[in-house]
2 protein chains.
Amino acid sequence: MKKIINKPEDVVKECLMGLQMANSDTLEYIPEKEVIYRKNMDKKVAVISGGGAGHEPLHAGFVGKGMLDAAVSGNVFSSPSPDRIEAAIEKVEKGQGVLFVIKNYSGDIMNFGMAQDMAEMEGIQVESVVVKDDVAVPDSTYSTGRRGIAGTMFVHKIAGAMAETGAPLSEVAGVAREVVANLRSMGMAMSPCILPAVGRPGFTLGENEIEIGMGIHGEPGVEKTTMKTAKEIAEILLQKILDDYDYEGSEVAVLVNGLGGTPLMELYILNYEVQKLLKEKNITSYKTFVGNYTTSLEMTGCSLSLLKLNDKMKTLLDASCDTPAFKID
Amino acid sequence: MKKIINKPEDVVKECLMGLQMANSDTLEYIPEKEVIYRKNMDKKVAVISGGGAGHEPLHAGFVGKGMLDAAVSGNVFSSPSPDRIEAAIEKVEKGQGVLFVIKNYSGDIMNFGMAQDMAEMEGIQVESVVVKDDVAVPDSTYSTGRRGIAGTMFVHKIAGAMAETGAPLSEVAGVAREVVANLRSMGMAMSPCILPAVGRPGFTLGENEIEIGMGIHGEPGVEKTTMKTAKEIAEILLQKILDDYDYEGSEVAVLVNGLGGTPLMELYILNYEVQKLLKEKNITSYKTFVGNYTTSLEMTGCSLSLLKLNDKMKTLLDASCDTPAFKID
C-alpha cells in the first residue's frame, strides 16, 4: 500500500487538520470530534452534513459561506457517532434550528437520528433531509432504499444558499427536499481503493473489467462488464438516469464527478460526451461542474448527476459561495 | 489500459471541448488549434501559457478573469506547435502586448520562441518568462536547466492579476520574473501513468518503491527509495527546497499539489505535516492551496511549492480571479 499517510488510525484527524490549516481564515476544527465548522457565521439556520471519511472534499471541503456550516466525519467509510454530531450543533446552532443533510446509509440514518432526538430534547429544532440520488440499485449493502452519492453536493449548495438568505428552517428544509426529489445520479468504477487500516483492496476488477453502478464504498452495482469508450459510458450512465426520471425539455445542473483516482482529462472527455447527449435529448445544461467532488479514496471511475432546476433553484445555485472545494463569485 | 476516453488521438481535443462546454459562459475553443481563450476580455496585456496536455487543469483550467487569457495545448506531454500559439495571440492580443509564461522544457522554449519571433515580425510586443521551479535536478531529460512544474500556477495567478490592473507589459513581465526568482518546488511519485497513445506505463516502480524528484512526465529524479510516511515525505521535499533557497523568516504561498491519481485525503495529510514544519522553521504560510492543479495524467504522487511573497505579490495573489480551476472572490 503506497499512500501519503502516517498511521492508518490517524488519517481522518490529520486530513481534517490539514484542511483546516489550509483554510484557517474561515474554518475551525474540533479535536477528537472530527468536526470542521465555519468561523464568523451569521444568525441563521445551521446546515450540517457528514458521513464517513474517504470522500474528500465531501463533506468538510464544502464548509463555508453559502454552503455547509459544519461537517462531521466518521472514520473512513463509517458513520460519525452522535456525540460528534452534537459537538457540531453546539458550535453552529444559533437559535434558528438545524438542517441535517444525510446520505442514505443505515449508519448515518441511525446516528443522525439519535443526534436529532438528543437535540430536540434540548429544545433545538431539527429537520433532516435524506439524499438518495443513486439510481443504480433499489437497495444496497449499506442502505435500505437508494444510496446517497455525489449529487449530495447540490443539496449542500442550494440548502446552504437558502439558509444564507435568512429563511426559516421549514423553507431551508423544503428547498433541500425539492432538490432531492429532482436529483438523480449514476456511477461506474474501474479499479478498487484500499482502506488505510486494511491495506489491501476491498474488491477486484479484471484488467479490462469495469462495474456499472458500483457504490462509493465499493458496494456492488448493476453489472460487471468490459471497458467501454467515453461515449458508451456517457450513454449508459445517462440512460439509466433517464429511465428513472424524465428530464426532457428541462434545464438541469450537471455534475461529472471523479472517484479520486481518475484525472480531470478523462472527466472532461466524459463531459464532452454527456453534453452532446443532453443536447440530442433536448435537455439544457444550465450549469456544469466537472471534478473530484465526492471521491472513494483512490478508486478510479466517475458518476453523472442531473438536477432539474426551477427559477428558485437557479438563483440559489448561482448565489455566491466560498468553501475550500466549491466557490462561486 | 482503463481510461475514460474514445480514440487516443482525440483525447486533447475532446478534453478541451469538454472543459469549454462546462464553462461556455466564459471560455472559447479554437478547433484544430487546441487553444482555450477568454471571452469578454478588456484591453490589456494578454497573458498566454501552454505546453503539453496531460497536466489538467493546467493550463486551460486557469484561463479566465485575473489569470490566463489563453492556453495553448500540445499533444499529451508534447509542446504546442508555433501556429497554435499564433492562433492564441490572434484572439487575445489587444495592442498592449503579450506575456508568454513558459515552463522550461526544450520543446516549449523552441516553439514559444518561434511564435515570439513571428509575432514580433508583425509588430506585436512579446515578453517571455521561463519558469524553472523544480529544484530536484540541475538538468533533465527534456530540459537544459531546471524543469518548470506545479509552481507555475503562481506565475499565472500573479502575472494575470497584474495584467488585469492595466499595467504595461514591462511591469507584468517584471512581476512574473519576480515570482520565478522566489519560487521553488520539489516532487515525488509513487506510480506511473499511461500515455493514451502508448497504452502501457512509461516506467515502473516497485510495490514499495517511490521516486523522489521525479518530473511531471516521469523523467528521473534524485533517487528511488522505499515508501515513506507523510511526515518523512514532507521533510524530504521541504529540506530539498530549503537547501536551495532560504525562506526562513518569510511569508510564503504554499502549494501542495497532487499528480492526478492521489486523492485529496492524502494531500491534506501531507499539508498537515508541511504546515507544522514551516512553523518550526519560522516560515509563515500566508496562503495555502491543496489540490490537483498540475497533474501527470493518473500518476500518483505530489509536489510542494513555496513562493516568498512581498506586499505587492500578496495583493496580486489575493486579487479576485475566476477560472474553472482557480477562483478567488
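Residues numbered from 1 in each chain as written. Chains lettered and ligands numbered in written order. Predicted model: local features only at pLDDT ≥ 70, side-chain atom pairs only at ≥ 80, totals over all residues. Heavy atoms only, no water.

Let us now look at the overall build of chain A. A count of helical and extended segments in chain A gives eight helices and 14 strands. Taking 329 residues into account, the globule formula puts the C-alpha radius of gyration at 20 Å, and chain A, at 19 Å, falls close to it. Considered along the principal axes of its C-alpha atoms, chain A spans approximately 55 × 50 × 35 Å. Counting contacts in chain A only where the partners sit at least 6 residues apart, residues at least 24 apart contribute 73% of the total. Surface summary for chain A: the accessible area is close to 11,300 Å², and the carbon and sulfur share equals 47%. Of note, chain A has its 33 positive side-chain charges centred 2 Å away from the centre of its 45 negative side-chain charges. (Helix = DSSP H or I, 4+ residues; strand = E, 2+ residues; numbered from the N terminus. Rg over C-alpha atoms; globule rule 2.2 N^0.38 Å. Contact = heavy atoms within 4.5 Å. Areas by Shrake-Rupley, 256 points an atom, 1.4 Å probe, with all protein chains shown as cover. Lys, Arg positive; Asp, Glu negative; His and termini not counted. Charge placed at Lys NZ, Arg CZ, Asp CG, Glu CD.)

Attention now moves to the interface of chain B and chain A. Think of interface size as the accessible area that goes away when the parts come together; that is how it is often given. Taken together, the contacts link 57 residues of chain B with 56 residues of chain A. When the two sides are added together, the surface that chain B and chain A hide from each other amounts to roughly 4,600 Å², 65% of it contributed by carbon and sulfur. Looking at the side of chain B facing chain A, the largest losses of area belong to Lys2, Ile4 and Met265 of chain B, adding up to 20% of the total buried there. There are zero salt bridges connecting chain B and chain A. Our count for the chain B to chain A interface comes out at 18 residue pairs in polar contact (both at pLDDT 80 or more). (Buried area = accessible area lost by both parts, 1.4 Å probe. Salt bridge = Lys/Arg side-chain N within 4 Å of Asp/Glu carboxyl O. Polar contact = N/O pair within 3.5 Å; in protein donor to acceptor, adjacent residues only side chain to side chain.)

A few words on the domain arrangement of chain A. All names here are of chain A. Split by domain assignment, chain A resolves into domain 1 (10-182) and domain 2 (183-316). Look at where the C-alpha atoms of domain 1 and domain 2 centre, and you get two points 22 Å apart. Each side of the interface is counted separately: domain 1 has 40 residues, and domain 2 has 41 residues. For the domain 1 and domain 2 pair, buried surface summed over both sides reaches about 3,300 Å², with 66% attributable to carbon and sulfur atoms. A per-residue breakdown of the area domain 1 buries against domain 2 is headed by Phe77, Phe154 and Asn182, which together make up 20% of the total. (Domains from an automatic or database assignment.)

Let us look at the state of the cysteines. In total, this model carries zero disulfides over all chains according to the counting rule given. The structure places no disulfide on Cys15 of chain A, whose sulfur is separated from the nearest cysteine sulfur, that of Cys193 of chain A, by 14 Å. Cysteine Cys302 of chain A shares no disulfide, and the gap to the nearest cysteine sulfur, in Cys15 of chain B, comes to 14 Å. Judged by its relative accessible area of 1%, Cys302 of chain A falls in the buried class. (Disulfide = S-S within 2.5 Å. Buried < 20%, exposed > 50% of the residue type's maximum accessible area, 1.4 Å probe, protein only.)

This paragraph deals with the UniProt feature "domain: DhaK" (unreviewed entry) in chain A. Mapped onto the present numbering, the UniProt feature "domain: DhaK" (unreviewed entry) falls on residues 7-326 of chain A. Summarising residues 7-326 of chain A: 33% helix, 25% strand, and an end-to-end C-alpha distance of 29 Å. (UniProt positions renumbered as here; feature names shortened; annotations may be inferred.)

Time to look at the relation of the copies chain B and chain A. Least-squares fitting of chain B to chain A yields an RMSD of 0.0 Å, with the superposition described by an axial translation of 0.0 Å and a rotation of 180 degrees. Viewed as a symmetry operation, the transformation between the two copies matches a two-fold axis. Ranked by how close their C-alpha atoms come to the rotation axis, the residues of chain B are headed by Gly261 of chain B, at 2.1 Å. When the interface residues of chain B are mapped onto chain A, 98% of them again lie at the interface, so the same face is used by both copies. (Least-squares fit on C-alpha atoms with pLDDT ≥ 70 in both.)

Once that is clear, we can look at the confidence of the model for chain A. Looking at chain A, the pLDDT average stands at 97 and 100% of residues meet or exceed 70. Reported for the predicted complex are a pTM of 0.98 and an ipTM of 0.98. (pLDDT = per-residue confidence, 0-100.)

Between two packed helices, the angle of one axis relative to the other and the distance separating the axes together describe the packing. Residue and element names in this part refer to chain A. Following both chains from N to C, one finds helix H2 (residues 82-92) and helix H3 (residues 106-121) inclined at 50 degrees, their axes separated by 8 Å at the closest point. Overall, the two elements H2 and H3 adopt an arrangement that is oblique. Here the hand of the crossing between H2 and H3 comes out right-handed. Only Asn111, Phe112, Met114, Ala115, Met118 and Ala119 of H3 make contact with H2, whose side of the interface consists of Pro82, Ile85, Glu86 and Ile89. (Axes fitted to C-alpha atoms, helices over the stretch in contact; angles between N-to-C directions. Parallel < 35°, antiparallel > 145°, perpendicular 65-115°, else oblique. Left-handed = near helix turned anticlockwise from the far one by under 90°.)

Residues and elements named next belong to chain A. Here we have six strands laid out as an open sheet, ordered E9-E8-E7-E12-E10-E11, and mixed in their pairing. In this open sheet, the two edge strands, each paired with only one partner strand, are strand E9 (223-226) and strand E11 (284-291). Neighbour-to-neighbour, the strand axes of the sheet open up by a mean angle of 20 degrees, direction not taken into account. Bridge analysis of strand E8 (residues 209-212) against E9 gives four bridges, and the strand direction is antiparallel. Bridge assignment links Ile212 to a residue of E9, and that residue is Glu223. Against the sheet, helix H4 (residues 152-164) engages strand E7 (183-191), strand E10 (251-258), E11 and strand E12 (300-308), with an angle of about 125 degrees to E10. (Pairing = 2+ DSSP bridges.)

All names here are of chain B. If you trace the six strands from one edge of the open sheet to the other, you get E9-E8-E7-E12-E10-E11, paired in mixed fashion. Edge positions in the sheet fall to strand E9 (223-226) and strand E11 (284-291), since each has one partner strand and no second. Averaged over all pairs of adjacent strands, the angle between their axes in this sheet comes to 20 degrees, without regard to strand direction. Contacts from helix H4 (residues 152-164) reach strand E7 (183-191), strand E10 (251-258), E11 and strand E12 (300-308) within the one sheet, and its direction differs from that of E10 by about 125 degrees. The sheet strands contacting helix H6 (residues 230-244) are E7, strand E8 (209-212) and E12, and the helix crosses E7 at an angle near 150 degrees.

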